[in-house]
Amino acid sequence: MTLSAESRYTWGGDEFLFVEIAEGMSLEANFISNSISNALELKQLDGIVDICPANASLLIRFNPDELASGDLERTVRELEQEVRGAVSQVLETRIIEIPVWYNDPYTNETGARFREGYHQRPEGNDLDYAAEVNGLADAEEFIQRHHESPWLVSMVGFVAGLPFLYQLVDREQQLEVPKYLSPRTDTPALTLGYGGCFSCIYSVRGAGGYQMFGVAAAPIFDPSQRLDDFKDFMIFFKPGDIVKFKPVDEAEYRRIQADVDAGTFTYRQSPILFDVGAALADPDGYKVSLLEVLNGI
């Protein structure tokens, strides 16, 4: 994807600045969004209320009584040019292993309640449909394709703590699955979902329209901050995180659930430098190098 030389800046009333880097998601656009967000946060400007990076854009809420709109726009434009002009595009982040029980009974039962009138394929389940539309042999092949590659957390939001995840493979190899024809009124908490080219993990139970493939074994949103991974913040994921899904069976899922209940569970994770240029130049080779970091823990 070829990006324009400069983002589009627009205003939402007198409290919001919207920076549109591109119309569609790409690693380059997402890197620029996250890098501007991180740099702006480090400046600790008086008057900044919130900074919300998204797939290919950035929304900034500010107090105009403390920070003039012109000063904010000038600062963000300067940061954008610094990011675009950087010799290397490297993001300090982490890689995390997320255990998932694929083809579980909870999402299958929910899917069975929302077939006729909701789904493109009333027979079978969401995994069968996903395999079919991607030209794969069966659900098992789809599951393998889903977990064998790492994913980038491109943004967090929609509901508290929900991550959108973008597969780190060549665009031609990306899995794509349409959303439900009509949204469900129920989705189990920690459902692994898929819509378009994005995966997600539903942080809480509620409505949803993404295809359902399994359930994550541990929480990603902990308002009580009881687990060690949430001691600094109740939301686990951050934009720029790299995720590796790990398939688990029912026994392993139950063991992890017991550790969560006991307050002893912690995610396997490691700090990394994510190099956007290397990821674009050699997706397969870079994928292997990312996964080797987790293997060495």
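Residues numbered from 1 in each chain as written. Predicted model: local features only at pLDDT ≥ 70, side-chain atom pairs only at ≥ 80, totals over all residues. Heavy atoms only, no water.

We now examine the environment of phenylalanine 16. Within the secondary structure layout, phenylalanine 16 lies in strand E2 (residues 16-20). Here phenylalanine 16 falls in the partly exposed class, since its relative accessible area comes to 28%. With near-sequence residues (within four places) excluded, phenylalanine 16 lies in contact with Thr10, Trp11, Leu59, Ile60, Arg61 and Phe62. (Helix = DSSP H or I, 4+ residues; strand = E, 2+ residues; numbered from the N terminus. Buried < 20%, exposed > 50% of the residue type's maximum accessible area, 1.4 Å probe, protein only. Contact = heavy atoms within 4.5 Å.)

Quantified by volume, the largest pocket comes out at close to 890 Å³. When contributions to the lining of the largest pocket are tallied by element, the ones reaching two or more residues are helix H1 (27-43), strand E3 (48-53) and strand E5 (90-102). Considering every element that reaches the lining of the largest pocket, the biggest residue donor is E3, with six residues. Partitioning the lining of the largest pocket into residue classes produces 14 nonpolar, six polar and ten charged. The space that makes up the second largest pocket amounts to roughly 250 Å³. In this structure, the second largest pocket is lined by 17 residues; those nearest its centre are Leu27, Tyr166, Val169, Arg171 and Leu280. Contributions of two or more residues to the lining of the second largest pocket are made by H1, strand E7 (163-167), helix H7 (276-281) and helix H8 (283-295). (1 Å grid on protein atoms, 1.4 Å probe; cavity = no way out; pocket = protein on both sides within 12 Å on 5 of 7 lines; lining within 4 Å. Points joined across faces, edges and corners; volume = space filled by probe spheres on them. Nonpolar A, V, L, I, M, F, W, Y, C, P; charged D, E, K, R; others polar.)

Turning next to a nonpolar patch on the surface. Taken together, Phe158, Val159 and Val204 make up a surface patch of nonpolar side chains, about 290 Å² in accessible area. On the secondary structure map, valine 159 appears in the loop between strand E6 (151-156) and E7. With relative accessibility at 32%, the residue valine 159 sits in the partly exposed group. (Patch = residues over 30% accessible without salt bridge, like charges linked within 9 Å, V, L, I, M, F, W, Y side chains within 5 Å. Areas by Shrake-Rupley, 256 points an atom, 1.4 Å probe, with all protein chains shown as cover. Salt bridge = Lys/Arg side-chain N within 4 Å of Asp/Glu carboxyl O.)

Attention now moves to H1. Over its 17 residues, H1 runs 24 Å from end to end, which matches the ideal 24 Å to within 8%, given 1.5 Å per residue. Here H1 lies mainly inside the structure; twelve of its 17 residues are buried. (Expected span 1.5 Å × (residues − 1).)

With 13 residues, H8 should cover 18 Å at 1.5 Å per step; its first-to-last C-alpha distance of 19 Å lies within 8% of that length. Residues of H8 that are buried include every one of Pro283, Tyr286, Lys287, Leu290, Leu291 and Leu294, and no others. Taken down its axis, H8 places every buried residue within 135 degrees of arc, on the same side. Facing away from the buried side of H8 by over 90 degrees, the exposed positions are Glu292 and Asn295. On its buried face, H8 is in contact with E5, strand E11 (242-247), strand E12 (269-275) and H7. (Arc of directions from axis to C-beta.)

A separate point is the pairing of E11. Strand direction decides the pairing type here: E5 and E11, joined by six bridges, are parallel. For proline 99, the partnering residue across the bridge sits in E11 and is lysine 246. With two bridges connecting them, E6 and E11 associate as antiparallel partners. Each residue of the ladder has a partner; that of tryptophan 151, found in E11, is valine 243. (Pairing = 2+ DSSP bridges.)

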